[in-house]
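Coordinate analysis (summary)
Okay, here's what each chain looks like letter by letter:
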Amino acid sequence: MNITSKEFITRLQFESNWSDEEIIDTVPISNNIVLNSDNLNISFTEFKGVFSVTNLDAPKLKITFFNVTFWKNFNIVNSTFSSIEFSMCTFLGGVNFRTFTAQRLDFDSNVFDKGMSFIKIVTDTLNINLNKIKAGLSITELTVTEKFSLAPDEDSTSISINNYTGNKINKLQLFQSVNNNGGILLSNLIVHHFALLGYNYKGTIVLKDISLDKLTIEGFDNQSAVTFNRVTPNNGSILKIESSNLGKAGIYNIDFNKFQSIEIIDSSISGIQPNNIRWCKKVFTQTNNIEDLLNEKEVYRQLKIISIDNHDKFEELRFAGLEMDSYYKQIKKQNGSRLDKFILWTNKVSNKHGQDFGLAFLLLMATSIIFYSLTKFSLGEKQFDFDCIPTDIGGFFQFISPIHTFDKVFDVSNNNNYGWALMWDGISRIFISYLIYQFVSAFRKFVKK
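Residues numbered from 1 in each chain as written. Predicted model: local features only at pLDDT ≥ 70, side-chain atom pairs only at ≥ 80, totals over all residues. Heavy atoms only, no water.

For the protein chain, the count of helices and strands is eight helices and 25 strands. The C-alpha atoms of the protein chain give 35 Å as radius of gyration, which overshoots the globular expectation for 449 residues (22 Å, by more than 25%). Each of the three principal axes of the protein chain carries a C-alpha extent, and together these read 125 × 35 × 35 Å. Residues counted as buried form 44% of the 449 residues belonging to the protein chain. Across the protein chain, contacts joining residues at least 24 apart in sequence account for 36% of those joining residues at least 6 apart. With the model as given, the accessible surface of the protein chain reaches about 22300 Å², and the carbon-plus-sulfur share is 54%. Averaged over its 45 positive side-chain charges, the protein chain has a centre that lies 5 Å from the centre of its 46 negative ones. (Helix = DSSP H or I, 4+ residues; strand = E, 2+ residues; numbered from the N terminus. Rg over C-alpha atoms; globule rule 2.2 N^0.38 Å. Buried < 20%, exposed > 50% of the residue type's maximum accessible area, 1.4 Å probe, protein only. Contact = heavy atoms within 4.5 Å. Areas by Shrake-Rupley, 256 points an atom, 1.4 Å probe, with all protein chains shown as cover. Lys, Arg positive; Asp, Glu negative; His and termini not counted. Charge placed at Lys NZ, Arg CZ, Asp CG, Glu CD.)

This next bit is on the sheet that holds strand β1 (residues 2-3). Within a sheet, each strand pairs with its neighbour through backbone hydrogen bonds, oriented either parallel or antiparallel. One open sheet accounts for seven strands, arranged β1-β3-β6-β9-β12-β14-β16; its pairing is parallel. At either margin of the open sheet sits one strand with a lone partner, and together these are β1 and β16 (132-133). In this structure, strand β12 (residues 90-91) lies alongside strand β14 (residues 111-112), joined through two bridges in parallel fashion. For Phe91, the partnering residue across the bridge sits in β14 and is Phe112. (Pairing = 2+ DSSP bridges.)

Attention now goes to the nonpolar core. Residues Phe8, Phe65, Phe97 and Phe148 are the most contacted members of the largest nonpolar core, which totals 90 residues. Top contributing element to this core by residue count: strand β21 (residues 204-222), with seven residues. Residues within four places of Phe148 in sequence aside, it is in contact with Leu126, Ile128, Ile139, Leu142, Ile161, Ile169, Lys171, Leu172 and Gln173. Counting residues in hydrophobic clusters, the runner-up holds 15 residues, among them Met365, Phe410, Val412 and Ile432. (Core = buried A, V, L, I, M, F, W, Y, C linked by side-chain atoms within 4.5 Å.)

Further remarks concern empty space enclosed by the protein. Overall, the coordinates contain two cavities of 30 Å³ or more when judged by the stated rule. Estimated volume of the largest cavity: approximately 220 Å³. In this structure, the largest cavity is lined by 19 residues; those nearest its centre are Leu239, Ile241, Leu246, Ile251 and Phe256. Secondary-structure elements contributing two or more residues to the lining of the largest cavity are β21, β22 (225-242) and β24 (259-265). (1 Å grid on protein atoms, 1.4 Å probe; cavity = no way out; pocket = protein on both sides within 12 Å on 5 of 7 lines; lining within 4 Å. Points joined across faces, edges and corners; volume = space filled by probe spheres on them.)

On to helix α4 (residues 338-351), then. The first and last C-alpha atoms of α4 sit 20 Å apart over 14 residues, in line with the 20 Å expected at 1.5 Å per residue. Looking only at α4, the buried set comprises Leu344, Thr346, Ser350 and Asn351. Down the axis of α4, the smallest arc covering the buried residues is 160°, so these residues share one side. The inward-facing, buried residues of α4 abut α3 (313-333), α5 (357-378) and α8 (419-443). For α4, the side-chain oxygen to backbone nitrogen distance between the N-cap and Leu339 is 3.3 Å, and the N-cap itself is Ser337. Directly beyond the C-terminal end of α4, a positive phi value near 55° is found at Lys352. (Expected span 1.5 Å × (residues − 1). Arc of directions from axis to C-beta. Polar contact = N/O pair within 3.5 Å; in protein donor to acceptor, adjacent residues only side chain to side chain.)

Glancing now at unusual backbone geometry. The phi dihedral of Asn67 is positive, around 55°, even though this residue is not glycine. Mapped onto the elements, Asn67 comes out in the loop between β8 (62-66) and β9 (69-70). Owing to a relative accessible area of 29%, Asn67 belongs among the partly exposed residues under this scheme. At Asn78, a residue that is not glycine, the phi angle is positive and equals roughly 50°. Structurally, Asn78 can be placed in strand β10 (residues 74-80). When its relative accessible area of 38% is taken as the criterion, Asn78 is described as partly exposed.

Relative to each other, α3 and α4 sit at 145°, their axes nearing to 10 Å. Note that α3 runs across α4; the crossing there is left-handed. Of the residues in α4, those touching α3 at Met324, Asp325, Tyr327, Tyr328, Ile331 and Lys332 are Asp340, Lys341, Leu344, Trp345 and Lys348. Of the residues that constitute the contact of α3 with α4, the class distribution is six nonpolar, no polar and five charged. (Axes fitted to C-alpha atoms, helices over the stretch in contact; angles between N-to-C directions. Left-handed = near helix turned anticlockwise from the far one by under 90°. Nonpolar A, V, L, I, M, F, W, Y, C, P; charged D, E, K, R; others polar.)

Bringing a nonpolar patch on the surface into the picture now. On the surface, Leu339, Phe342, Ile343, Trp345 and Val349 cluster together into a nonpolar patch covering about 480 Å² of accessible area. Tracing the backbone through its elements, the reader meets Ile343 in helix α4. Take Ile343: its relative accessible area is 39%, and that puts it in the partly exposed class. (Patch = residues over 30% accessible without salt bridge, like charges linked within 9 Å, V, L, I, M, F, W, Y side chains within 5 Å. Salt bridge = Lys/Arg side-chain N within 4 Å of Asp/Glu carboxyl O.)

Structurally, Val349 can be placed in helix α4. Taking the C-alpha atoms as reference, Val349 lies 12 Å from Leu364; in sequence the two are 15 residues apart. Ignoring any residue separated from it by four or fewer positions in sequence, one finds Val349 in contact with Leu359 and Leu363.

Another point: α8. Taking 1.5 Å as the rise per residue, α8 with 25 residues should run 36 Å; its terminal C-alpha atoms sit 36 Å apart, in good agreement. Restricting attention to buried positions, one finds in α8 the residues Ala421, Asp425, Ser428, Ile432, Leu435, Gln438 and Ala442.

This next bit is on the environment of Tyr164. Here Tyr164 lies in the loop between β18 (159-162) and β19 (168-176). Separated by 64 residues in sequence, Tyr164 and Phe100 have C-alpha atoms that sit 17 Å apart.

Considering the arrangement of structural elements, one finds Lys147 in strand β17 (residues 137-151). Separated by 284 residues in the primary sequence, Lys147 and Phe431 place their C-alpha atoms 62 Å from one another. The contact partners of Lys147, leaving out residues within four places of it in the chain, are Asp124, Thr125, Leu126, Lys171 and Gln173.

With that settled, consider the pattern of salt bridges. Applying the stated criterion across every chain yields a total of 17 salt bridges. Note that Arg11 is salt-bridged to Glu15, the shortest N-O span being 3.1 Å. Note that Glu298 is salt-bridged to Arg301, the shortest N-O span being 2.8 Å. Of this pair, Glu298 and Arg301 both sit in helix α2 (residues 290-309), three residues apart, which is roughly one turn of the helix. Connected via shared salt-bridge partners are Arg11, Glu15 and Glu21.

The following block contains the structure:
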């Protein structure tokens, strides 16, 4: 049935359900209209002209558009609703929301032939899911107090969300479609919780200049282009990556030390391309069961590989040490090889798996002093005399050499019973040789082998 916009507006004040109508010209709705119902349902209807809502303050109004075609532009400016929902609608003209407030704003399975523009939107919940956005979506100055869900259809093109005025989004959830080859740019945002999900096989996702409290990447598979640039964690921020493959994601200008907690679970991160970042000191595991320890070791192994590929020798060595620590905890939990446990324990306590030459040096000196004293004691020198230090210092440093000659270090000319002294000397050569090796190994940690 064909009707004019004047008839539509007149009936709009008394009717709440519309179906199978065709409005032939421009529909202007403003604050002059008095609506007798707070619920409007419009379905299977076509608007041939521009649909425009201006200065309509109706905080209790709920509007639902189902299978509606808008042939020209759709505009809502300076208005307040309770909620507005679009489902399976077709927009052949542009869509513009400016200075709009609503508790809920839903776009599900719609087709947008022209561009979409949202400016100064305040809402509790915003859902833009499975829509064909053919000419781009631009959102600026957006405030979402509860949740913003974005899941572009595979035919969608560019999506840009920018906040330059400090507007906050409580939770932003981005679900990428398998075959979506468009670009998504999220920049200059303040987000409490950002969640990334889905399958990025053809598209481009860029997160730039985002401040957040929690970043969750869960069930995400990246085979295309993803960039995280200047993502800034706030105090107490949390990073969780679970059951995901980051592929060759670019990670730039991020200080991971600012995250209070970092969890990486059953995920592949070894292919990422970092630049100008500070890695976290540790990755946290929730419990101490064997599965968590296996996962922890795998995470440090992948971080080591990333450091090798990025020619970052310092981080490579640090993550290699943490990998060995995790392996030590793992075999302790599994009651594994005692020999492996002993080897890992001695490496840890002697030079922190090749990281600390100072520790190895101190242990070398302490061990040498102990065995030197035991050997001297076995030769009958049972009292310590400070006056003997200048004469003994040369012998002590010869003693540190594992290939020293016993009777050149110790005076045995007047002592025929020095079996115990020879025993302590022999044992000392084993310990000192090991600690010298540990010292040299840690001291040359930055030298390629």
